Amino acid sequence: MKLGVYVQTWHVGGVAAFCERLARGLQQLGHAPCVILATPFSKRDDAGRKAYQALVSNSPFPVCCLHLSAFHPKERAWRAADRIAALGCDALILSSHGTLAGTWARLCPDIPTIGIAHNDDEDTYAEFKACVAYCDAYVAVSKAIYQSLKLLAETNSPVRVCHIPHGVPLQAAPDAGPQSSEVRVLVVCRLEQGQKRVLDLPLIWQEYRRRGGKGTLSFCGSGPQETQLRKAFAKELAQGGVNIIGAVPLDKMPEVYARHDVLLSVSAYEGLPISVLEATTHGLFPLLSAIRSGHQEIVDAVGSGRLCPMADSSGFASALLEITTDLQALRQLRPLIQSKARSLFDPERMVQNYSHLVAEVYEARTTGRARQGSASNTRPKVDFLRSFLRKWQYSRHYGWQD
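Residues numbered from 1 in each chain as written. Predicted model: local features only at pLDDT ≥ 70, side-chain atom pairs only at ≥ 80, totals over all residues. Heavy atoms only, no water.

Undergrad: Got a minute to help me understand the overall build of the chain in this structure?
TA: On a plain count of helices and strands, the chain comes out with 17 helices and 13 strands. Rg of the C-alpha trace for the chain: 22 Å, near the compact-globule value of 21 Å for 402 residues, within the 12% margin. Each principal axis of the C-alpha atoms in the chain carries an extent, and together these give about 65 × 45 × 40 Å. Expressed as a percentage of its 402 residues, the buried residues of the chain come to 53%. Sequence-distant contacts in the chain: of pairs separated by 6 or more residues, those separated by 24 or more amount to 72%. Between the centroid of the 45 positive side chains of the chain and the centroid of its 37 negative side chains there is a distance of 5 Å. (Helix = DSSP H or I, 4+ residues; strand = E, 2+ residues; numbered from the N terminus. Rg over C-alpha atoms; globule rule 2.2 N^0.38 Å. Buried < 20%, exposed > 50% of the residue type's maximum accessible area, 1.4 Å probe, protein only. Contact = heavy atoms within 4.5 Å. Lys, Arg positive; Asp, Glu negative; His and termini not counted. Charge placed at Lys NZ, Arg CZ, Asp CG, Glu CD.)

Structural data, given as structure tokens:
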């Protein structure tokens, strides 16, 4: 089957990494996937730009960018629908798709559609409410999100809701070299405060060090709070106790995981965070915020880890001290964590589950058992001047030509 895998924009890790891995897995099963983007990358995301360029250069499947930001918002729904319809997909799998609810309304009578809820937050549930009428099925990546979607489906639409956890590549761990005599703590996330709460980390590390804790703290990721983090950690950065590495290509991350002992996440909310899954499949001990979705599920799955209340800097510092008191015992847990994580977060199982779901919704369509939305045939346009200016502004950032 020809399958369109949609995501709004490209970046390093997270939902984009999931979409690429899903597309590759579907291709290995004999499908013909196509990654569809609304825009290629965020304007000021240099790491995202490089990731998008690498995707286009190295992808074994087609990558179609709709360049929707080049058009006025009034035009985007029908322009996206026309472009996607022209691809001839047998089914669509949607991530970060709420802004194009009008597009899915136009396409759903002819193309089976599966939505994915990646996060346990209000934006994700608003996206579900906006798009569920145009989806044949909806996937929740965590148990908590699944329960929330089931409740929302009872109110909004009797759509089929499924729970398919993420799977992550099970790459061989490279040689980490000589072991350090001190703990090595790793943070892997976008460096922003709203969801990831990265500005809590200087407070946690300062308290940990004040109480006698030793070791190094490394950051993989980029984002709007990077400058603030560098200021907060100026002394530690100069002394080498803290490292802000920036965005790391996904194929290089196993080397990073191999050099660390603890994965630290203080997020305010998550779905089933891929960075934490990857870290546990390499044996890192998860020290995580006690949030509703994702973190508890991962700790329960691997049988190891600690959860601390979100925004509790003192609690995180105390937990870090406790788990690093006996560093040898902590490191002896590594193969156990790795083995359990690899058995549970298998990417092949994830891809098979999506392939089966696609086949089921496609069969339901062919037998006339699936719900269908209503399409709109209107094609609103803006005047020539506004259209020209928007395309000119867009081309300044992306070099896009009509």
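Undergrad: Please explain the side chain of Ser95 as it appears in this structure.
TA: Position of Ser95 relative to the elements: it lies in the loop between strand S4 (91-94) and helix H4 (101-107). Only 2.8 Å separates the side chain of Ser95 from the side chain of His118, close enough to count as a polar contact. Among all residues touching Ser95, those that are not within four sequence positions of it are Tyr6, Val7, Gln8, Val15, Phe18, Cys19, Ile116 and His118. (Polar contact = N/O pair within 3.5 Å; in protein donor to acceptor, adjacent residues only side chain to side chain.)

Undergrad: What should I look at first to understand the sheet that holds strand S1 (residues 2-7) in this one?
TA: The strands making up a sheet associate through backbone hydrogen bonding, with each pair oriented either parallel or antiparallel. Spatially, the 7 strands line up as an open sheet ordered S3-S2-S1-S4-S5-S6-S7, and their pairing is parallel. Both edges of this open sheet fall to strand S3 (63-65) and strand S7 (160-163), since each of them pairs with a single strand only. The sheet shows a mean angle of 25° between the axes of neighbouring strands, direction not considered. The pairing of strand S6 (residues 137-140) with S7 spans 4 bridges and is classified as parallel. From the neighbouring strand, Tyr138 faces S7, where its bridge partner is Val161. (Pairing = 2+ DSSP bridges. Axes fitted to C-alpha atoms, helices over the stretch in contact; angles between N-to-C directions.)

Undergrad: Looking at this structure, how should I read helix H2 (residues 46-58)?
TA: Residue pairs spaced three or four apart in an α-helix point in one direction, given the helix's 3.6 residues per turn. With 13 residues, H2 extends 18 Å from end C-alpha to end C-alpha; this agrees with the ideal 18 Å at 1.5 Å per step. Regarding H2, the residues found buried are Ala47, Gly48, Ala51, Tyr52 and Leu55. Seen end-on, H2 carries its buried residues on one side only, within an arc spanning 135°. When the buried face of H2 is taken as reference, the exposed residues oriented beyond 90 degrees from it are Asp46, Lys50 and Ser57. The residue sitting at the N-terminus of H2 and contributing the capping side-chain oxygen is Asp45; that oxygen lies 3.4 Å from the backbone nitrogen of Ala47. (Expected span 1.5 Å × (residues − 1). Arc of directions from axis to C-beta.)

Undergrad: Got a minute to help me understand the packing of aromatic side chains in this structure?
TA: Between two aromatic rings, the relevant description is the distance of the centres plus the angle of the planes. As enumerated under the stated definition, the model contains 9 aromatic pairs in all. A centroid spacing of 5.1 Å and a plane angle of 55° characterise the contact between Phe41 and Tyr398, whose relative ring orientation is tilted. Residue Phe41 is found in the loop between strand S2 (32-37) and H2, and its partner Tyr398 is found in helix H17 (residues 384-398); the two are separated by 357 residues along the sequence. A centroid spacing of 4.7 Å and a plane angle of 75° characterise the contact between Phe128 and Tyr138, whose relative ring orientation is edge-to-face. (Phe/Tyr/Trp six-rings, centres within 6.5 Å; stacked < 30°, edge-to-face > 60°.)

Undergrad: Explain the pairing of S6 here, please?
TA: Remark: a regular strand shows side chains that alternate across the two faces of the sheet. Residues Ala137 and Val139 of S6 are buried on one face, and the alternating residues Tyr138 and Ala140, pointing to the opposite face, are buried as well. Here strand S5 (residues 113-117) runs beside S6; their pairing, made up of 4 bridges, is parallel. In the strand pairing of S6, Ile116 is matched with Val139. For the crossover that starts at S5, traverses helix H5 (residues 122-131) and ends in the parallel S6, the hand is right-handed. Crossover handedness for the path S6 to helix H6 (residues 143-156) to S7: right-handed. (Right-handed = clockwise from strand over helix to strand, strands pointing away.)

Undergrad: Looking at this structure, how should I read the nonpolar core?
TA: Proteins that are soluble and globular tend to have nonpolar side chains buried together. Ranked by internal contacts, the top residues of the largest apolar core, which has 122 residues, are Trp10, Leu92, Trp104, Leu149, Phe219, Val262 and Leu287. At 7 residues, the largest contribution of residues to this core is made by helix H1 (residues 14-28). Setting aside residues no more than four positions away along its own chain, Phe219 makes contact with Val187, Leu191, Leu201, Leu229, Phe233, Val242, Asn243, Ile244, Ile245 and Gly246. (Core = buried A, V, L, I, M, F, W, Y, C linked by side-chain atoms within 4.5 Å.)

Undergrad: Help me understand the pattern of salt bridges in this model?
TA: Opposite charge on two side chains allows them to pair when their charged atoms are near. Going through the model one piece at a time under the given rule, you end up with 16 salt bridges. A salt bridge links Arg184 to Asp261, with the shortest nitrogen-to-oxygen separation between them at 3.2 Å. Pair noted here: Arg184 is in strand S8 (residues 183-188) and Asp261 is in the loop between helix H10 (253-258) and strand S11 (262-265), with a separation of 77 residues, a long-range link. Residue classification places Asp261 among the buried residues on the basis of a relative accessible area of 4%. The partner of Arg197 in a salt bridge is Asp200, with the nearest N and O atoms 2.7 Å apart. Residue Arg197 is classed as partly exposed on the basis of its relative accessible area of 21%. Judged by its relative accessible area of 8%, Asp200 falls in the buried class. (Salt bridge = Lys/Arg side-chain N within 4 Å of Asp/Glu carboxyl O.)

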